[in-house]
Structures are given as C-alpha cells and as structure tokens.
Amino acid sequence: LYMVPFLEDIGTEPELAALGAVVAAVFGFVGTISSGALADRFPPKVVLFSWVGLFAASFAALSQWPSFGMGLIASAGMGLGTGGVAPIHPLFIGSRFGPEVLAGVMGIQGLIGLPLMASAPILAGAVRDATGHYEPAFLGAAAILVVAALFLAAFRPRPPAGGRG
C-alpha cells in the first residue's frame, strides 16, 4: 500500500509507480505457490524463516537505496515474503497448539494481528508526514520483522502426546 506513494515521492510517474503494487501481487502469488513445494523439501521452519528474512531485507534495502529499481526489487521481495508465509503459517500454529484448536488460535491471532497490519500503512504515512521520508518507517518494519524472526527461531512444536517438552 505504501510502495506506490513512496515511488511517487522519489519522482516516479504515477503510472510507473503502480508497477510496485503489480510486482508485489505477482510475486505474492509466486511465493504462495512455491512455499508448499519448498516446505516439502526443506524444514518448514527454515522456509518460513527465509520468507520473513526476505521481507525484512526488502524493507531494509529500500530504506538504504531508495530508487525506482530498488522499489520494484523490494516489491518482489515483499510479495514473495508475504505470499510465502501464508501457506506455512497455519502449519506452525497447528504444530504448536494441535490441529484440534487450529481454527480458534488462528482466529485469536487474526483478531490481534489484523489491526496491527491494517494500521501499518497509516503509520508509515504518518512517519512520512512527520519526517518527509518513508525510510524510517521501512527501517522500523525491518526491525519488527527481525524481532518476529527471533521469535520464530525460538519456536518449538508441541511435544508428542506422552513425550516431554
């Protein structure tokens, strides 16, 4: 949502700036489709960690090298990251809390996460209005994703019934 105004802010024509959204959408589809195949070949935790890392790196790179080209590259990385997380995320919730409560846990998580995700573009716009740049918001997003990756690294599945954990 913020890529188009960001690209316009750095001098990109609106028609070209809209490519940022298109690239993110296309690569989001690619991330979603490829995520399952990757999780079949590699540990799902590694795949999820990689998507979150790519998402964070995209924000960080964009904050350091703001340009039309980097905007498109970052849009691709953000699309891949967002799309890639979507199919693997429920796997993690189920492995921690069990399939019998998956829907309820996902619902609670959505109740908490949705306002945060919905407010992110508004906060990015507020940062841009206050500072004249989107870069601090992009660095903040990258930092939040690094914290998320640290939580992911500490994640442990639920021990099997009768096991210790």
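Quick summary incoming for the structure in this document. (Residues numbered from 1 in each chain as written. Predicted model: local features only at pLDDT ≥ 70, side-chain atom pairs only at ≥ 80, totals over all residues. Heavy atoms only, no water.)

With that settled, the discussion passes to the nonpolar core. With 21 residues, the main nonpolar core has Met3, Phe6, Phe59, Leu62, Met78 and Phe138 as its most contacted residues. Of all the secondary-structure elements, those providing two or more residues to this core are α1 (3–9), α4 (44–64), α5 (68–97) and α7 (135–154). Here this core gets six residues from one element, more than from any other, and that element is α4. If you look at the next biggest cluster of nonpolar residues, it comprises nine residues, including Ala39, Val47, Trp51 and Ile88. (Core = buried A, V, L, I, M, F, W, Y, C linked by side-chain atoms within 4.5 Å. Buried < 20%, exposed > 50% of the residue type's maximum accessible area, 1.4 Å probe, protein only. Helix = DSSP H or I, 4+ residues; strand = E, 2+ residues; numbered from the N terminus.)

With that settled, the discussion passes to the side chain of serine 75. Residue placement: serine 75 occurs in helix α5. With relative accessibility at 1%, the residue serine 75 sits in the buried group.

Below, the discussion takes up a nonpolar patch on the surface. Side chains of Leu16, Leu19, Val22, Val26, Phe27, Phe29, Val30 and Ile33 sit close together on the surface and give an oily, nonpolar patch of about 700 Å² of accessible area. If one sorts the elements of the nonpolar patch by residue count, helix α3 (residues 19–41) sits on top with seven residues. Note on placement: leucine 16 falls in helix α2 (residues 14–17). For leucine 16, a relative accessible area of 42% corresponds to the partly exposed category. (Patch = residues over 30% accessible without salt bridge, like charges linked within 9 Å, V, L, I, M, F, W, Y side chains within 5 Å. Areas by Shrake-Rupley, 256 points an atom, 1.4 Å probe, with all protein chains shown as cover. Salt bridge = Lys/Arg side-chain N within 4 Å of Asp/Glu carboxyl O.)

Scanning the model with the defined rule gives five aromatic pairs in all. Between phenylalanine 6 and tyrosine 134 the ring centres are 6.0 Å apart and the planes differ by 85 degrees, which places this aromatic pair in the edge-to-face class. Residue phenylalanine 6 is located in helix α1, and its partner tyrosine 134 is located in the loop between α6 (102–131) and α7; the two are separated by 128 residues in the primary sequence. A single burial state applies to phenylalanine 6 and to tyrosine 134, both of which are buried. On the basis of an interplanar angle of 40 degrees and a centroid distance of 5.8 Å, the ring pair of phenylalanine 59 and phenylalanine 138 is categorised as tilted. One end of the pair, phenylalanine 59, is in helix α4; the other, phenylalanine 138, is in helix α7, and 79 residues separate them in sequence. One exposure class covers both phenylalanine 59 and phenylalanine 138, and it is buried. Feature note: the residues Phe6, Phe55, Phe59, Tyr134 and Phe138 constitute an aromatic cluster, connected by ring pairs. (Phe/Tyr/Trp six-rings, centres within 6.5 Å; stacked < 30°, edge-to-face > 60°.)

The next thing to look at is α3. Its 23 residues give α3 an end-to-end C-alpha distance of 32 Å, which sits within 8% of 33 Å, the value for a rise of 1.5 Å per residue. Most pronounced at serine 35, the bend in α3 amounts to some 30 degrees. Residues Gly20, Val23, Gly28, Gly31, Ser35 and Ala39 constitute the buried set of α3. Buried residues along α3 sit in contact with α1, α2, α4 and α5. (Expected span 1.5 Å × (residues − 1). Bend = angle between axes of the 7 residues up to and from the residue. Contact = heavy atoms within 4.5 Å.)

Our focus in this paragraph is the packing of α4 against α5. Between α4 and α5, whose axes approach to 8 Å, the crossing angle comes to 155 degrees. Taken together, the axes of α4 and α5 lie roughly antiparallel to each other. Like other packed secondary-structure pairs, α4 and α5 cross with a definite hand, here left-handed. (Axes fitted to C-alpha atoms, helices over the stretch in contact; angles between N-to-C directions. Parallel < 35°, antiparallel > 145°, perpendicular 65-115°, else oblique. Left-handed = near helix turned anticlockwise from the far one by under 90°.)

Our next topic: α4. With 21 residues, α4 should cover 30 Å at 1.5 Å per step; its first-to-last C-alpha distance of 30 Å lies within 8% of that length. Three or more residues of α4 are buried, namely Val47, Leu48, Trp51, Val52, Phe55, Ala56, Ser58, Phe59, Ala61, Leu62 and Ser63. For α4, the elements touching its buried residues are α1, α3, α5 and α7.

Looking now at the environment of leucine 54. In this fold, leucine 54 is placed in helix α4. Note on leucine 54: relative accessible area 30%, which makes it partly exposed. Remark: the alpha-carbon pair of leucine 54 and arginine 96, spanning 42 residues in sequence, is separated by 24 Å. Once you skip the residues sitting within four places of it in the chain, leucine 54 turns out to touch Gly77, Leu80 and Gly81.

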